[in-house]
Amino acid sequence: MSLTVAAITFGIIFLSELPDKTALASLMLGAKYRASYVFAGIAAAFALQVGIALVAGKLLSLLPHRWVEGVTGVLFLAGAAMLLFHGGDDEDGHAAKEPSANSFWKVAGASFVVVAVAEFGDLTQIMTANLAAKYADPLAVGLGAWLALCAVAGIAILGGQKLLKHVPMKMIIRVAASVMILMAGFSIFQAITG
């Protein structure tokens, strides 16, 4: 397992997830229910979503190398565009029925469902699939992505409002989009030069 690939993945996914609706859902759930219960459900949902992304990345990697580089470059550009043009939207479309009790299984289960639904086909899942296709190290990509997603959820649960007081959301979005544009440029360059 490459620590470099895990670190690159962590950085990209962490920055991409910060402005995401899942961070807001984590913040709201963490404010209402016991943080450890919420985090357990969210971490499990992220593990499922990363697993699906790794399978999709493996399928993508079966294409010829130049095609993989070209497709990942275009998808990184699309991800950057999504962040820049839709990063400030406040989406509440993934609300879930509140658990009727504060038991571990009900809170963790509700948190799992909210995040599993919200993250399916989300930008970070697509980016994880791209990184899995780009690097032939699914363990490093999966670990980096899962840790980044869990880190963002943890920050959101424990202190998301404090982060936003110090770092403007626009800056977070711009940094994430810039990293994706650089990755897109590198991938497209690799596709062209072979």
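Look up: the structure comes first, before these words.
Criteria and thresholds
- Each chain has its residues counted from 1, following the order in which its sequence is written.
- Per-residue local features are limited, in this predicted model, to residues with pLDDT of at least 70; the limit for side-chain atom pairs, both in listing and counting, is 80 or more; totals at the level of whole chains, interfaces and linings are taken over all residues.
- Hydrogens and water molecules were not included; the side-chain quantities draw on all heavy atoms of the structure.
- For the purposes of this entry, the term helix denotes a DSSP run of H or I that reaches at least four residues, the term strand denotes a run of E that reaches at least two, and both are numbered from the N terminus.
- Relative accessibility under 20% of the residue-type maximum defines a buried residue, over 50% an exposed one, and the middle range a partly exposed one, all with a 1.4 Å probe and only protein chains included.
- Whether two residues are in contact is decided by their heavy atoms, any of which lying within 4.5 Å being enough.
- Throughout this description, the term nonpolar core refers to a set of buried Ala, Val, Leu, Ile, Met, Phe, Trp, Tyr and Cys residues connected via side-chain atoms within 4.5 Å.
- Here a polar contact is taken to be a pair of N or O atoms separated by no more than 3.5 Å, where protein atoms must pair a possible hydrogen donor with a possible acceptor and residues adjacent in sequence count only if both atoms sit in side chains.
- Centres within 6.5 Å are what make two rings of Phe, Tyr or Trp a pair, Trp counting through its six-membered ring; a difference in plane orientation under 30 degrees is then read as stacked, over 60 as edge-to-face, and the rest as tilted.
- In this analysis, axes come from line fits to C-alpha atoms, helices being fitted only over the stretch in contact, and the angle between any two N-to-C directions falls in the range 0 to 180 degrees.
- Left-handed describes a crossing in which the near helix is turned anticlockwise from the far one by less than a right angle; the clockwise case is right-handed.
- Residues are sorted three ways: Asp, Glu, Lys and Arg are charged, Ala, Val, Leu, Ile, Met, Phe, Trp, Tyr, Cys and Pro are nonpolar, and all the rest, Gly among them, are polar.
- One fewer than the residue count of a helix, multiplied by 1.5 Å, yields its expected span.
- Like charges within 9 Å and nonpolar side chains (Val, Leu, Ile, Met, Phe, Trp, Tyr) within 5 Å are joined into patches, using only residues over 30% in relative accessible area that form no salt bridge.
- Surface exposure here means Shrake-Rupley accessible area, sampled with a 1.4 Å probe, where a residue is shielded only by the protein chains that are shown.
- Here a salt bridge means any side-chain nitrogen of Lys or Arg lying within 4 Å of a carboxyl oxygen belonging to Asp or Glu.

**Quick word on the overall build of the protein chain**
Counting its secondary structure elements, the protein chain contains 8 helices and 0 strands. Reading the secondary structure of the protein chain in the N-to-C direction produces α-α-α-α-α-α-α-α. Taken across its 194 residues, the protein chain has 46% of its residues classed as buried. Looking at the protein chain alone, contacts between residues at least 24 apart form 90% of all its contacts between residues at least 6 apart.

**Regarding the nonpolar core**
Ile13, Val38, Ile42, Phe46, Leu131, Tyr135 and Val141 are the most contacted members of the largest nonpolar core, which totals 39 residues. For this core, the secondary-structure elements that each account for two or more residues are helix H1 (3–17), helix H2 (21–32), helix H3 (35–61), helix H5 (104–119), helix H6 (123–134) and helix H7 (138–166). No other element matches the 10 residues that H7 contributes to this core. Residues contacting Val141, with those up to four places away along its chain left out, are Val5, Thr9, Leu54, Thr128, Leu131, Ala132 and Tyr135.

**Points about the environment of Asp137**
Assignment of secondary structure puts Asp137 in the loop between H6 and H7. The exposure class assigned to Asp137 is buried, which follows from its relative accessible area of 15%. Counting along the chain gives 132 residues from Asp137 to Val5, while the straight-line C-alpha distance between them is 7.6 Å. There is a polar contact of 2.7 Å between the side chain of Asp137 and the backbone nitrogen of Ser2.

**Side note on the environment of Val74**
Along the chain, the position of Val74 falls in helix H4 (residues 65–86). For Val74, a relative accessible area of 51% translates into the label exposed. Spatially, the C-alpha atom of Val74 lies 9.9 Å from that of Met183, the residues being 109 residues apart in sequence.

**Considering the packing of aromatic side chains**
Enumeration according to the criterion identifies 3 aromatic pairs in this entry. Relative to Trp105, the ring of Phe104 has its centre 4.9 Å away and its plane inclined at 80 degrees; by these criteria the two rings are edge-to-face. Accessibility expressed as a relative area gives 70% for Trp105, which makes it exposed. Among the aromatic residues, ring-to-ring pairing joins Tyr37, Phe104 and Trp105 into one connected group.

**Overview of the packing of H3 against H5**
Relative to each other, H3 and H5 sit at 35 degrees, their axes nearing to 7 Å. The two elements H3 and H5 meet at a crossing, and its hand is right-handed. In this structure, H3 uses Tyr37, Val38, Ala40, Gly41, Ile42, Ala44, Ala45, Phe46, Leu48 and Gln49 to contact H5, whose residues at the interface are Phe104, Val107, Ala108, Ser111, Phe112, Val115, Ala116 and Glu119. Looking at the contact of H3 with H5 residue by residue, the classes come out as 14 nonpolar, 3 polar and 1 charged.

**A closer look at the environment of Glu119**
Among the structural elements, Glu119 can be located in helix H5. Between the C-alpha atoms of Glu119 and Val50, which are 69 residues apart in sequence, the distance is 9.7 Å. In contact with Glu119, not counting residues within four places along its chain, are Glu17, Asp20, Thr22, Phe46, Gln49, Thr124, Gln125 and Leu149.

**A short note on H5**
Over its 16 residues, H5 extends 22 Å from the first C-alpha to the last, a length consistent with the 22 Å expected when each residue adds 1.5 Å. Trailing H5 by a residue or two, Gly121 shows a phi angle of about 75 degrees, which is positive.

**Examining a nonpolar patch on the surface**
Together, Met1, Leu3, Phe10, Leu139, Leu143 and Leu147 make up a nonpolar patch on the protein surface, roughly 580 Å² of accessible area in all. When residues of the nonpolar patch are traced back to their parent elements, those giving at least two are H1 and H7. In terms of residue count, H7 provides more of the nonpolar patch than any other element does, 3 residues in total. Within the secondary structure, Leu147 sits in helix H7. Overall, Leu147 belongs to the partly exposed group, its relative accessible area being 37%.

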